[in-house]
Amino acid sequence: MTALLDVQAMQKAYGAIRAVDGVSFSVASGEILGVIGPNGSGKTTLFNAILGQVLPSAGSVAFEGHDVTGSKPLHLARRGIGRTFQSLQVFGKLSVRDNLIAAGQEFGTGKFARLFAAPEAGLGPRAEEIIALFRIGHVAHLPAGSLSYGQQKLVDIAMAFMSRPRLVLLDEPCAGVNPALIDQLTELLRRLNREAGTTFIVIEHNMDFVMNLCSRVICMAQGRILAEGPPAEVQANRAVLEAYLGA
Ligand SMILES: Nc1ncnc2c1ncn2[C@@H]1O[C@H](COP(=O)(O)OP(=O)(O)O)[C@@H](O)[C@H]1O
Ligand SMILES: [Mg+2]
C-alpha cells in the first residue's frame, strides 16, 4: 500500500548546523504519529522542510504517491496537507468565524496575507461545518482574542481544517494549554481522526498526551531519528532517556 506521506533521507542545513540530518519515515493513512525529542533536535525544521516552509538541502517528500519535495505551502494545502505553528496564527480582533473564513481564503500562506484578504462569502458554509465539527458554536461570534489561550489553540487547529486536509501536522499543540483543555484536545484529535479520517503528525513534549493519543512515536535527537515504535516502547528506550537528560 502507498504511504500517505513518505519522507526519505531528509536534510536541512543552516550553515554548519545540520538541523535535520537524514530523516526517513512514512505515515499510513489513519495514523496519529507523535514526534518527540529535546529542544533543538530538529522537529520543527523537519515539519518546515516537509511543508515547503524551507527548502530541504537533500531528500524527498511524497504525498499520496506524488513527489511534493520543495512544493510551496499553498500548493501542499491544496493537495490536502494542513499545519499549525508553534505560535498562534489567530487574529485576536476578528471573530472566531471570520478567522476561519480568513484561513480558508488562503490555505496556509502567511498571517498577513490573511489579514488583507478580501471578504469571501463562499466560505461561510465550510466555516459552519468546521464550527460544528470543533463544537465551538458558543464562541464563534466572539473576538478570538477574548478566548483563553487554550481555546485559541483549538481555533488555530480549526483554521487548518478549512482546506479539508487529509494530513495535519501540529507543532506543540499542548504548549501553554491547561490540563483540562489538553484532555479536550486529545478527545478532539481522536474524534477528527475517527470521524473525518484525518491523519496527524504531532510534535509534543507532553508525554501523557503522546501516550494517550499516538499510535506510533518517533524520537529525534541532533537532527536524526533516535528511536521509533509504539509510544510506551520509545518512552522507555534508554537512548531516548539519555537524549532528554543530555539536552
Ligand atoms: N532559521 C534558522 N536558522 C539557523 N538555524 C536554525 C534555524 N531554524 C532552526 N535552526 C537550528 O536548527 C536546530 C533545530 O531547531 P528546531 O527544528 O527548531 O528544533 P526543535 O523544533 O526540535 O526544538 C537548532 O539548532 C536551531 O537553532
Ligand atoms: Mg520546535
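Everything here concerns the structure above.
Reference entry: report on the structure contained in this document. (Residues numbered from 1 in each chain as written. Chains lettered and ligands numbered in written order. Predicted model: local features only at pLDDT ≥ 70, side-chain atom pairs only at ≥ 80, totals over all residues. Heavy atoms only, no water.)

Observations regarding the pairing of strand β8 (residues 199-203)
Formally: The buried label applies to any residue whose accessible area, calculated with a 1.4 Å probe on protein chains only, is under 20% of its type's maximum; exposed applies above 50%, and partly exposed to all values in between. Strands here are runs of E lasting at least two residues and helices are runs of H or I lasting at least four, both read from the DSSP assignment and numbered beginning at the N terminus. Two strands pair if DSSP finds at least two bridges between them. Note on handedness: a clockwise path from strand one over the helix to strand two, with the strands aimed away from the viewer, defines a right-handed crossover.
Most of β8 sits out of view: 5 of its 5 residues are buried. Side chains T199, I201 and I203 of β8 all project onto a buried face; the interleaved residues F200 and V202 project onto the opposite face, where all are buried too. As judged from the 4 bridges shared by strand β3 (residues 32-36) and β8, these two strands associate in the parallel manner. Pairing of I32 across the sheet is with F200, part of β8. Across 5 bridges, the pairing between strand β7 (residues 167-171) and β8 is parallel. When the bridges of β8 are listed, D171 appears paired with I203. At this point the chain moves from β7, through helix α7 (residues 179-195), to the parallel β8, and the crossover so formed is right-handed.

Quick word on the site of ligand 1
Where we set the bar: Nearness here has a simple test: a residue counts as near a molecule or strand if at least one of its heavy atoms is within 4 Å of that partner. Any N or O atom pair separated by 3.5 Å or less is treated as a polar contact, with the protein-specific requirement of one donor-capable and one acceptor-capable atom, and with residues adjacent in sequence counted only for side-chain atom pairs. We get accessible surface area from the Shrake-Rupley algorithm with a probe of 1.4 Å; when it comes to residues, only the shown protein chains can shield them. In this classification, Asp, Glu, Lys and Arg are treated as charged, Ala, Val, Leu, Ile, Met, Phe, Trp, Tyr, Cys and Pro as nonpolar, and every other residue, Gly included, as polar.
Every residue lining ligand 1 is accounted for by Y14, I17, A19, P38, N39, G40, S41, G42, K43, T44 and T45. Take G40: an N or O atom from its main chain is 2.7 Å from an oxygen atom of ligand 1. A distance of 3.2 Å separates an oxygen atom of ligand 1 from a polar backbone atom of S41. Calculation on ligand 1 without its partners gives an accessible area of 560 Å², and the protein chains cover 60% of this total. Counting residues per element, the ones that place at least two in the shell around ligand 1 are β2 (17-27) and α1 (43-50). The element best represented in the shell around ligand 1 is α1, accounting for 3 residues. Of the residues belonging to the shell around ligand 1, the class tally is 4 nonpolar, 6 polar and 1 charged.

Side note on the nonpolar core
Stated precisely, the cut-off is as follows: Among buried residues, those of type Ala, Val, Leu, Ile, Met, Phe, Trp, Tyr and Cys that are joined through side-chain atoms within 4.5 Å constitute a nonpolar core. For the domain bounds, the source is a domain assignment made automatically or taken from a database. The contact criterion used throughout is that any non-hydrogen atoms of two residues lie within 4.5 Å.
Core analysis: the biggest nonpolar cluster contains 46 residues, and L100, F134, F161, L185, L189, F200 and F209 have the highest contact counts within it. Top element by residues in this core is α7. It accounts for 6 residues. In this structure, this core is formed jointly by two domains, domain 1 (5-80 + 165-246) and domain 2 (90-148), each of which donates at least three residues. Filtering out sequence-adjacent residues up to four positions away, L185 remains in contact with L154, I157, P173, C174 and F209. If you look at the next biggest cluster of nonpolar residues, it comprises 27 residues, including V7, L46, I50 and V54.

Some thoughts on the side chain of N99
Of note, N99 is situated in helix α3 (residues 96-106). Using a relative accessible area of 0% as the deciding quantity, one classes N99 as buried. Side-chain polar atoms of N99 contact the backbone nitrogen of F91, separated by 2.8 Å. Other than its neighbours up to four places away in sequence, N99 contacts V90, F91, L94, A144, V155 and M159.

Comments concerning the pattern of salt bridges
Here is the rule we go by: Here, a salt bridge means any Lys or Arg side-chain nitrogen found within 4 Å of an Asp or Glu carboxyl oxygen.
If you walk through the whole model with that rule in mind, you get 11 salt bridges. With its nearest N and O atoms 2.7 Å apart, the salt bridge here joins R216 to E31. Placement of the pair is R216 in strand β9 (residues 216-221) and E31 in the loop between β2 and β3, with a sequence separation of 185 residues. In terms of burial, R216 and E31 fall into one category: buried. Of the charged contacts in the structure, one is a salt bridge between E128 and R97, with a shortest N-O distance of 2.6 Å. One end of the pair, E128, is in helix α5 (residues 124-134); the other, R97, is in helix α3, and 31 residues separate them in sequence. By relative accessible area, E128 is classed as partly exposed at 37%.

By themselves, these are just geometric observations and shouldn't be taken as functional.
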